[in-house]
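# Breakdown of the fold
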Amino acid sequence: MDRQEEILPTEHEVYHPSAEAISEAVIKDYDALYARSVADPEGFWATEAKELEWYEPWDQVLDDSNPPFFKWFTGAKTNIVHNALDRHVKTWRRNKLALIWEGEPGDRRSYSYYRLWQETCRFANVLRSMGVQKGDRVTIYMGRVPELAIAMLACAKVGAVHSVVYGGFSEQALADRIDDAQSRVLITQDGAWLRGKIVELKKTADEAIRRSPVVEHVIVLKRTEQEIYMEPGRDYWLHDLLALPIAAPTCSTEVMDAEDPLFILYTSGTTGTPKGLLHTHGGYQVFTSTTLKWVFDFKEADRWWCAADPGWITGHSYIVYAPLILGATSFMYEGAPTHPYPNRWWKLVESYGITILYTAPTAIRGLMRFGDAWPNRHDLSSLRLLGSVGEPINPEAWRWYHRVIGKDKCPIMDTWWQTETGGFMITPMPSVPLKPGSATRPFPGIEAEIVNEEAEPVKANEDGYLVVKKPWPGMARTVYGDPDRFVSQYWERFQKQGYYLTGDSARKDEDGYFWIIGRIDDVIKVSGYRLGTAEIESALVSHKAVAESACIGIPDELRGNVIWAYCILRSGYEGSDRLVAQLKDHVRHETGPITVPAKIEFVDKLPKTRSGKIMRRVLKAQALGQDVGDISTLEA
Ligand code: WTA
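Because the structure is a prediction, the values reported are computed rather than measured. (Residues numbered from 1 in each chain as written. Predicted model: local features only at pLDDT ≥ 70, side-chain atom pairs only at ≥ 80, totals over all residues. Heavy atoms only, no water.)

### Considerations on helix α9 (residues 201-211)
Across the 11 residues of α9, eight count as buried, placing the element largely inside the fold. Within α9, the full set of buried residues consists of Leu201, Lys202, Thr204, Ala205, Asp206, Glu207, Ala208 and Ile209. (Buried < 20%, exposed > 50% of the residue type's maximum accessible area, 1.4 Å probe, protein only. Helix = DSSP H or I, 4+ residues; strand = E, 2+ residues; numbered from the N terminus.)

Here it is in structure tokens:
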């Protein structure tokens, strides 16, 4: 396997933290803490939960009476917004910066905790006036702007369940997600800035609503200011709503049960349509804030920049909720890292004095391509910690990030986790020795293991299924509207043992360090974005020329993976370069630019099992010129 070959030579390359780094770290002795946490996980999580405020305490830390539907902090009353905003404005933190933002065109804004709280209250009052109540779903389809965070917080404040759809998705992807959540309210914006151009979010939203007409009200932020269509009686400008007397700057926070839903986030899995993972108020707030506090070693004076998009779990947990709960100052940037020049990010680090930068390997590789001169033009000495997430980081990119960006003094926190896990699961902390390409060891309270088909732990350096053996507070509670799918996707495989199946394969070395290899299902990570083959295949098949299609992920130096698509055409159509271009356009329009296949090939036949399932593994082996392995189930 390509990745293994890449890993092996570096396995003994270890970066030890300096004595000074250890003395400054919040957690100085990972081993002792870990041992304590797994000896009594409930006690451990309860101690962390007590760091937060609750309207009423819990009766039980973990209710495991109905696995895999675990419940945490049952009986407790809370609201994540109370911990993220309400409690801070009663202290000196009301004057601290919560969020600093820069738009791609260069405009700047900043919010103190007090202002962010007021804006959230005003937005929450608008939502209430539209009849949004506890439990209602609200879809948010926006770019990387402060109002996105405010919209999420406002939903949570009134007890509504937000479903944020990544702004890079297009019509059908948005329509499916609106439909599944049955959202009556959609929050969007006229457009978002990206690479100097406008991404027409409202236009896409209009088309999605046409396909999924459950939406009754659309709230539109004015950002890019081009002419857009506004449907009378349905569409409202946010600034008009905020000018109404109902948008008062105070608003009560809905009292929620710890297990009440906070958000749905759609993600792709093995088969079928994307599934809405459901996260709740109580456990999620404890897990996300504890993980961020220790892994990134939060200090009051830090300036934290999580460069992900809020439309993915990384943004939910580590742009919006956890930093606010910790009372941190976050930085958010709207646009592309290379706009107008490849030094944009480094300029931002310098001008805002960023102390911790958290991003994805694909972004690092993308910026590395432009050479050392761009970052070297800037003073990056404010940085003290770096982070990586989304896919395995190849050692070469790790070393560049460490040397050129971190000047050999900033440890890199390679955090392995998933939409399903809510927060970091396998990750170093600043006091842990690092090996480039390894996410190191499990976070306290998390018992991860690598097992074979029989659920037995495999030997050191052998591949196996990555599983989590015990429940944790930040885990998704179910698949929205489809609990059976939650069970079949994650829990059936190792039902007897009660292990959570992550969908990743991995290895553990003799020091107990985890090395993630990649997905074992039909999920493809393109530029760190999680895509399912099924959605892209449906987009292709929705074109009149395509009868059937199969997509696979092919390793790519820059993007981690790219998509290759195989299509069987309907009779009367012939494959041509023109048709390839048309199909790419069609996919861009239906599901979004990141889902567009790098290559489309026309075939007469697809390898299938006798029961008719497409064997993507065979396609992939053929494409890579590898042995196709066991094909005894292949249709004759
Ligand atoms: C992959 C993103 C290696 C993995 C937070 C996982 C990683 C999937 C890492 C989840 C990492 C995430 N090293 N692989 N540090 N972080 N992955 O749900 O395959 O978008 O299963 O969550 O990303 O993707 P998701």
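There's plenty left to go through after this.
### Section: the site of the ligand
Taken together, 17 residues lie near the ligand, and Asp414, Thr415, Thr419, Arg519 and Arg530 sit nearest. A total of 520 Å² of accessible area belongs to the ligand in isolation, and the protein chains cover 97% of it. Put simply, the parts of the chain that give the shell around the ligand at least two residues each are α12 (313-325), β20 (412-415) and β25 (514-519). (Near = heavy atom within 4 Å. Areas by Shrake-Rupley, 256 points an atom, 1.4 Å probe, with all protein chains shown as cover.)

### Quick word on the sheet that holds strand β5 (residues 108-112)
In spatial order, the strands read β5-β4-β17-β16-β18-β19-β20; together these seven strands make up an open sheet with mixed pairing. Edge positions in the open sheet fall to β5 and β20, since each of these has one partner strand only. For this sheet, the mean angle separating the axes of adjacent strands, direction not counted, is 20 degrees. Of the pairings in the sheet, the one linking strand β18 (residues 356-359) to strand β19 (residues 385-389) comprises four bridges and is parallel in character. (Pairing = 2+ DSSP bridges. Axes fitted to C-alpha atoms, helices over the stretch in contact; angles between N-to-C directions.)

### Considering the packing of helix α6 (residues 113-129) against helix α7 (residues 146-157)
Taken N-terminus to C-terminus, the directions of α6 and α7 make an angle of 60 degrees; their axes are 8 Å apart at the nearest point. It follows that α6 is oblique to α7 by the angle criterion. As α6 packs across α7, the resulting crossing turns out to be right-handed. Two secondary-structure elements touch here, α6 through Leu116, Trp117, Glu119, Thr120, Cys121, Phe123, Ala124, Leu127 and Arg128 and α7 through Ile150, Ala151, Leu153, Ala154, Cys155 and Lys157. Residue classes in the contact of α6 with α7 are distributed as 11 nonpolar, one polar and three charged. (Parallel < 35°, antiparallel > 145°, perpendicular 65-115°, else oblique. Left-handed = near helix turned anticlockwise from the far one by under 90°. Contact = heavy atoms within 4.5 Å. Nonpolar A, V, L, I, M, F, W, Y, C, P; charged D, E, K, R; others polar.)

### Quick look at the sheet that holds strand β11 (residues 217-221)
The strand order β12-β11-β8-β6-β7-β14-β15-β23 describes an open sheet built from eight strands, whose pairing is mixed. Strands with a single pairing partner mark the edges of an open sheet, and in this sheet they are β12 (235-237) and β23 (478-479). Note that β11 and β12 share three bridges and pair parallel. Bridging from a neighbouring strand, isoleucine 219 pairs with tyrosine 236 of β12. Across the sheet, α9 is in contact with β6 (137-141), β8 (185-189), β11 and β12; its angle to β8 comes to roughly 155 degrees.

### What about the pattern of salt bridges?
Applying the stated criterion across every chain yields a total of 50 salt bridges. The salt bridge involving glutamate 535 is made with arginine 177; its shortest N-O contact spans 2.8 Å. Separated by 358 residues along the polypeptide, glutamate 535 in helix α18 (residues 533-541) and arginine 177 in helix α8 (residues 171-181) bring together distant segments of the chain. Neither residue differs from the other here; glutamate 535 and arginine 177 are each classed as buried. A single network of salt bridges, built from pairs that share partners, joins Glu171, Glu207, Arg210, Arg211 and Glu590. (Salt bridge = Lys/Arg side-chain N within 4 Å of Asp/Glu carboxyl O.)

### Topic: the side chain of threonine 421
Its location among the elements puts threonine 421 in the loop between β20 and β21 (448-451). Leaving out residues up to four positions away in the same chain, threonine 421 has contacts with His279, Phe287, Trp472, Gly474, Met475 and Tyr500.

### Observations concerning the side chain of arginine 177
Of the residues examined, arginine 177 reaches a relative accessible area of 4% and is grouped as buried. Dropping the residues within four chain positions of it, arginine 177 is found in contact with Val165, Phe169, Tyr266, Pro274 and Glu535.

### Details of unusual backbone geometry
Of note, the bond from proline 67 into proline 68 is cis; its omega dihedral lies within 30 degrees of zero at 0 degrees. Here histidine 339 and proline 340 are connected by a cis peptide whose omega angle stands at -5 degrees. Within the element layout of this structure, proline 340 appears in the loop between β17 (329-333) and α13 (344-352). A positive phi angle is found at phenylalanine 73, which is not glycine, with a value near 55 degrees. Its place among the elements puts phenylalanine 73 in strand β2 (residues 71-74). We classify phenylalanine 73 as buried; its relative accessible area is 0%.

### What to know about the confidence of the model for the protein chain
Scored by pLDDT, the protein chain has a mean of 95; 97% of the residues are at 70 or more. Under a pLDDT of 50 for its full length, residues 1-9 has, in the predicted model, 15 contacts with residues more than four places off or in other chains. (pLDDT = per-residue confidence, 0-100.)

### Regarding the nonpolar core
If you look at soluble globular proteins, the nonpolar side chains tend to sit buried side by side. Counting 120 residues, the largest nonpolar core has Phe73, Ile140, Ile187, Ile219, Phe296 and Tyr321 as its most contacted members. The element that contributes the greatest number of residues to this core is α7, accounting for nine residues. Once you skip the residues sitting within four places of it in the chain, tyrosine 321 turns out to touch Ile80, Met152, Leu153, Ala156, His162, Leu262, Phe263, Tyr284 and His316. If you look at the next biggest cluster of nonpolar residues, it comprises 41 residues, including Phe169, Val215, Leu569 and Val587. (Core = buried A, V, L, I, M, F, W, Y, C linked by side-chain atoms within 4.5 Å.)

### Overview of helix α20 (residues 616-623)
Listed as buried for α20 are Arg616, Val618, Leu619 and Ala621. Taken together, the buried residues of α20 touch α18, β28 (546-556) and β29 (560-569).

### Here we look at the pairing of β6
The buried fraction of β6 is high, at four of five residues. Remark: the β6/α7/strand β7 (residues 161-164) crossover connection has right-handed handedness. (Right-handed = clockwise from strand over helix to strand, strands pointing away.)

### Digging into the pairing of strand β16 (residues 303-306)
Looking at chain direction, β16 and β17 are connected through three bridges and run parallel. When the bridges of β17 are listed, tryptophan 304 appears paired with serine 330. A crossover connection joins β16 to the parallel β17 through α12; in handedness this β-α-β unit is right-handed. As paired elements, β16 and β18 share three bridges and run parallel to each other.

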